[in-house]
Each structure stands twice: as structure tokens, then as C-alpha cells.
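Below, each chain spelled out in residue letters.
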Amino acid sequence: MSQLRIAVLNAAHQDQNTTRNFRRELDASLSEFNATEGEVPHGFEYDGAVVTGSRSSVYWDEAWIQATKEWVGDAIERDIPFLGVCWGHQLLADVLGGTVEDMGVYEVGYSEIEHFGESRLFDGIDESFTAFTSHSDEVSQLPPGAEPLATNQYSNHGFRKDRVFGVQFHPEYDPKTARELVHRKELSDERRDSVLEEITQDNYQQACEAKLVFENFLEFVREVNTADVAAESDVQSPSVGSSD
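Keep in mind that this is a model prediction, so the values were computed, not measured.

Participant: I'd like a rundown of the pairing of strand 2 (residues 29-34), residues and numbers included.
Facilitator: In terms of strand pairing, strand 1 (residues 5-10) meets strand 2 through six bridges, oriented parallel. Paired with Ile6 across the bridge in strand 2 is Leu30. Taken together, strand 1, helix 1 (residues 16-25) and strand 2 constitute a β-α-β crossover, and its handedness is right-handed.

Structure representation (C-alpha cells):
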């Protein structure tokens, strides 16, 4: 089977770690767009799409955010499957009619998260799992009709609505990305040291289980695209009549 065509809307303000991480984790033919520079795809000829994390908030009044929302909304209407990570999770929720707000605290570091229900996205991942997190905004209200998939004491960490999935945690982070993020955040010395101490090879290896969301999403994309092609073929095939 040919490689999937995936549009990656990179909202990370030209952070090379984000580019490297998503190229590593997405086994597909990627078309990458620098969303913070106003780049969005010109069309919708993709099998699926991914929206990355960002240093911005989805509710900021910035032209590039609005342009991203508009393309995402149009793509969702065309039934293109989506995966959003962190800011991407929040943006997808916002586009679908959910609410994103400042949660008043900052979750950062390796966190314990629980997923529940029969979720295609979390196939093969333990019900309680570890993942790296970094966010002070949350999806405080899911979009109408969305199914919650994962949570912890801070916030919702995953949802699904039709062909759209979002995860608040960062399954793509490697130790280098995590350390550099912590160093540039405004944290007390005590908290910074505490989080940096958590960024060990053992914790990273434990969190690698969460990377299965990428494989699961791509498999979901293959399934729905195969189903769509079959349905279109059925519609286009002329019916054959017979008479006695």
C-alpha cells in the first residue's frame, strides 16, 4: 500500500525539536506547513492531518491562528481524519465547539494519565500510563458529541469526535526536547530542578508506550480511507439488471 499523505500543521514557532519529533514518529509522506507564518495547505488532498503543540493559546486574537482554524474546520467538514497534540488538541476542540481556558496552574513533566473505554487511539497502551506534559491551558468543555478518552488530576487529556482525535500530553517528546522546554520556562529554581531530575532515560522509556497513539492514528486513517474508497466504488459501479 502506498504511503499515507499527512498534512502536518506545525504551530511550534519554528522549534526544530518539533519538526524532528513528528518526522520521527509519523511513518507517512508528510507535507509540513509553518502555521505560525500563516502557512496552511492550499487544498484538501490528504489522507489525514496532524496539528502540533505551540507556545501560543488558541484563544489569542492572531491572524495565523484564525487562518489555521478556518482550514482545519473546512478539512473536518470534508471528513479528513485529524490528530491534535497539546495545542493541537485544544485547537481541534475549539473548532468543534468546545471551550479552551487557562486552568490556573502549569502541568509540566512526566505525568500519570488514565484512558478509559474502547478507544482506537489507545490500543496497546496500559489504562494507566506515563507521558510528558507541558500546558497551562485546558479543554475545559468538550465539543458537543465528543467522547472523553483520557484524563488526570489536571485536565482532560484526550477526546474523540467522529474522525477527530486530540491528546493533551506530548507522546512525541524525547529527553532533549523536554530538557530544553523546561530550561526556557519561567519556573522557580526548585521546580525547574525537580522537573529536570525527572527527565531520565528510565522515565523516557516508560513514556514511549504513549507513542503508540501515532501508529494507532495512522492505522485508523488507513482503515477509513479504505472504507471511503470502497464506498465510492460501490456508488460509481453501475447496477446490473436481469430479466427472465
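Participant: Can you tell me about the confidence of the model for the protein, naming the residues and giving the values?
Facilitator: Per-residue confidence for the protein averages 94 on the pLDDT scale, and 95% of its residues sit at or above 70. Counting contacts from residues 240-244, a segment whose pLDDT is below 50, to residues more than four positions away or on other chains yields zero contacts.

Participant: Before we move on, could you go through the pattern of salt bridges and cite the residues and values that matter?
Facilitator: What the rule picks out here adds up to 14 salt bridges. Arg24 is the salt-bridge partner of Asp174, the closest N and O atoms lying 3.3 Å from each other. Of this pair, Asp174 sits in the loop between strand 9 (164-167) and helix 4 (175-184) while Arg24 sits in helix 1; the two residues are 150 residues apart in sequence, bridging distant segments of the chain. Its relative accessible area of 10% is what places Asp174 among the buried residues. Among the charged side chains, a salt-bridge network with shared partners connects Arg20, Arg24, Glu25, Asp174 and Lys211.

Participant: Summarise a negative patch on the surface; cite the residues concerned and give the values.
Facilitator: A cluster of acidic residues, Glu112, Glu114, Asp126 and Glu127, forms a negative patch at the surface. Along the polypeptide, Glu127 turns up in the loop between strand 5 (99-115) and strand 6 (128-141).

Participant: Let's hear about the packing of aromatic side chains: which residues, and what values?
Facilitator: Pairs of aromatic rings are described using the distance from one ring centre to the other and the angle between the two planes. Counted by the stated rule, this structure contains 12 aromatic pairs. Seen from their ring centres, Phe22 and Phe214 are 5.9 Å apart, and the 85 degrees between their planes marks the pair as edge-to-face. Taken as a pair, Phe22 in helix 1 and Phe214 in helix 7 (residues 212-236) lie far apart in primary sequence, 192 residues in all. Comparing Phe22 with Phe214 shows no difference in burial state: the two are buried. With a centroid separation of 5.2 Å and an interplanar angle of 85 degrees, the aromatic rings of Tyr110 and Phe132 are classed as edge-to-face. On the criterion of sequence distance, the pair formed by Tyr110 in strand 5 and Phe132 in strand 6 is long-range, its members being 22 residues apart. Given the relative accessible area of 14%, Tyr110 is considered buried. Its end group placed over the ring of Phe44, Arg78 keeps NZ or CZ at 4.0 Å from the ring centre.

Participant: If you had to explain the state of the cysteines to someone new, which residues and values would you point to?
Facilitator: What the rule picks out here adds up to zero disulfides. Looking at Cys86, it has no disulfide partner, and the nearest cysteine sulfur is the one in Cys208, 18 Å off. Taking the relative accessible area as the measure of exposure, Cys208 reaches 21% and is therefore partly exposed.

Participant: Give me the lowdown on the side chain of Ser155, citing residues and values where you can.
Facilitator: Residue position: Ser155 is located in the loop between strand 7 (147-151) and strand 8 (156-161). Judged by its relative accessible area of 4%, Ser155 falls in the buried class. For Ser155, the contacting residues outside a window of four places in its chain are Met103, His135, Glu138 and Gln168.

Participant: I'd love a proper account of unusual backbone geometry, names of residues and values included.
Facilitator: Look at Cys86: it is not a glycine, yet its phi comes out positive at around 55 degrees. Mapped onto the elements of the fold, Cys86 is located in the loop between strand 4 (82-85) and helix 3 (87-95). Under the relative-accessibility criterion, Cys86 is labelled buried at 5%.

Participant: Before we move on, could you go through the nonpolar core and cite the residues and values that matter?
Facilitator: Within the largest apolar cluster, 29 residues are counted, with the highest numbers of intra-cluster contacts made by Leu83, Leu121, Phe122, Phe129, Phe169 and Phe217. Going through the elements one at a time, strand 1, strand 4, strand 6, strand 7, strand 9 and helix 7 are the ones with two or more residues in this core. Among the elements that take part in this core, helix 7 stands out by supplying seven residues, more than any other. Apart from residues lying up to four places away in sequence, Phe217 is in contact with Ala49, Val50, Pro81, Phe82, Leu83, Leu121 and Phe165. Phe33, Tyr46, Ala75 and Ile80 belong to the second largest nonpolar core, which has 27 residues in total.

Participant: Give a detailed account of the environment of Phe132, specifying residues and quantitative values.
Facilitator: Overall, Phe132 belongs to the buried group, its relative accessible area being 2%. Between the C-alpha atom of Phe132 and that of Glu172, which follows or precedes it by 40 residues, the distance is 8.7 Å. Apart from residues no more than four positions distant in its own chain, Phe132 is found in contact with Val108, Gly109, Tyr110, Phe169, His170, Tyr173, Ala178, Leu181, Val182 and Ile199.

Parameters and conventions
Residues numbered from 1 in each chain as written. Predicted model: local features only at pLDDT ≥ 70, side-chain atom pairs only at ≥ 80, totals over all residues. Heavy atoms only, no water. Pairing = 2+ DSSP bridges. Helix = DSSP H or I, 4+ residues; strand = E, 2+ residues; numbered from the N terminus. Right-handed = clockwise from strand over helix to strand, strands pointing away. pLDDT = per-residue confidence, 0-100. Contact = heavy atoms within 4.5 Å. Salt bridge = Lys/Arg side-chain N within 4 Å of Asp/Glu carboxyl O. Buried < 20%, exposed > 50% of the residue type's maximum accessible area, 1.4 Å probe, protein only. Patch = residues over 30% accessible without salt bridge, like charges linked within 9 Å, V, L, I, M, F, W, Y side chains within 5 Å. Areas by Shrake-Rupley, 256 points an atom, 1.4 Å probe, with all protein chains shown as cover. Lys, Arg positive; Asp, Glu negative; His and termini not counted. Charge placed at Lys NZ, Arg CZ, Asp CG, Glu CD. Phe/Tyr/Trp six-rings, centres within 6.5 Å; stacked < 30°, edge-to-face > 60°. Lys NZ or Arg CZ within 6 Å of the ring centre and 35° of its normal. Disulfide = S-S within 2.5 Å. Core = buried A, V, L, I, M, F, W, Y, C linked by side-chain atoms within 4.5 Å.

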